[in-house]
Amino acid sequence: MQHLNCFARQMVSVVALVVLVLTGWPPLGHAQPAGIDPQAEKVLRRMSVYLAGRQQVSVKAESRLEAVLTSGQKLQYDSPATLSVWRPNKLRAHRKGDLANQEFFYDGKSLTVFNPRENLYATTAAPATLDETLDFAREKLDIIPPAAELLYKNAAEKMLKESTSGFVVGPSVVGGVKTTQLAFRAGEVDWQIWIEDGDKPLPRKFIISSKKVSGEPEFTVLMRSWDLTPKFTDQEFNFKPPKGAKKVEFLRLTSGPAKSNEPAKSK
């Protein structure tokens, strides 16, 4: 306990030093003015347009999820992840970590989630585009692929829609890459994003803080490496059940029959 107290005092000293040297940053501990800084919006939209313009792209990332115990103590769970996108209608993602080991397949017609540990999979008909499928997966199936917020064709528009304020925090370095850090506030979450400087404005780090959940847990995605010129084939996005795999049904968030413009539940 003495060592922990000593460490805590050292951390306070470090934070105090950081506050002293952060010139030009918004005053720490004070409320930021309402509204979105045009420069922050410009940087975010530039990232969104650039990423949406890559027909084929893949990224290796690490996600970190916080869980808050009833005592208030926080636990962290890490999950390495890979993500491959072939616009306009193909996605493959895999995350393997402490809480989940899942693979996502979207081939333009169907969406499949496979759990290798249990050798279980579920498949359903899906909309014709990536954007529609991401909405369908989130709203009907409660499924969110890694970093899904950044994959929309109009990602910046969606991210800014619910935001009430945002500003440029300043320059930062993520994984040895020079970036610009942005911070935003929305009704239920605060979120930050670090965007690479230069002619390739790629997202490098993304944090969502839940303000409405006790303890305000955070979800973090760190993008380790991007491949902007992968050579995909259709087979990479088609799911083929491994030997002995058992098919199960998705549990939908809404009950009743599917609407005419909604994919029907697979049999």
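Residues numbered from 1 in each chain as written. Predicted model: local features only at pLDDT ≥ 70, side-chain atom pairs only at ≥ 80, totals over all residues. Heavy atoms only, no water.

Draft legend 1. Region of the structure containing the side chain of Glu196. For Glu196, the location among the structural elements is in strand β10 (residues 189-196). Not counting residues up to four positions away in its chain, the partners in contact with Glu196 are Val177, Lys178, Thr179, Pro201, Leu202 and Arg204. (Helix = DSSP H or I, 4+ residues; strand = E, 2+ residues; numbered from the N terminus. Contact = heavy atoms within 4.5 Å.)

Draft legend 2. Representation of the nonpolar core in the model. Core analysis: the biggest nonpolar cluster contains 46 residues, and Leu44, Leu91, Leu150, Leu182, Trp191, Ile193 and Met223 have the highest contact counts within it. Per element, the largest residue contribution to this core is 6 residues, and it comes from helix α2 (residues 38-52). Non-local contacts of Leu44, meaning those with residues more than four positions away in its chain, are made with Ala156, Leu160, Leu182, Phe184, Trp191, Ile193 and Ile195. (Core = buried A, V, L, I, M, F, W, Y, C linked by side-chain atoms within 4.5 Å. Buried < 20%, exposed > 50% of the residue type's maximum accessible area, 1.4 Å probe, protein only.)

Draft legend 3. Main features of the pattern of salt bridges. Evaluation of the coordinates by the stated rule reveals 12 salt bridges. Between Glu41 and Arg45 there is a salt bridge whose closest N-O contact spans 2.8 Å. Of this pair, Glu41 and Arg45 both sit in helix α2, 4 residues apart, which is roughly one turn of the helix. What makes Glu41 partly exposed here is its relative accessible area of 27%. Residue Asp234 is joined to Lys90 by a salt bridge in which the shortest nitrogen-to-oxygen separation is 3.8 Å. One end of the pair, Asp234, is in the loop between β12 (218-227) and β13 (246-248); the other, Lys90, is in strand β4 (residues 90-96), with 144 residues separating them in the sequence. You can call Lys90 buried: its relative accessible area is 14%. Each of the salt bridges in this network shares a partner with another, and the network as a whole consists of Glu41, Arg45 and Glu157. (Salt bridge = Lys/Arg side-chain N within 4 Å of Asp/Glu carboxyl O.)

Draft legend 4. Highlighting the pairing of β4. Of the strand pairs in this sheet, strand β3 (residues 74-86) and β4 are connected by 6 bridges, and their pairing is antiparallel. Across the sheet, Leu83 pairs through a bridge with Ala93, a residue of β4. Taken together, β3 and the strand that follows it, β4, pair antiparallel across an intervening segment of 3 residues. Where β4 lies against strand β5 (residues 101-106), 6 bridges are found, and the strand directions are antiparallel. In the sheet register, His94 faces β5, and the bridge partner there is Glu103. (Pairing = 2+ DSSP bridges.)

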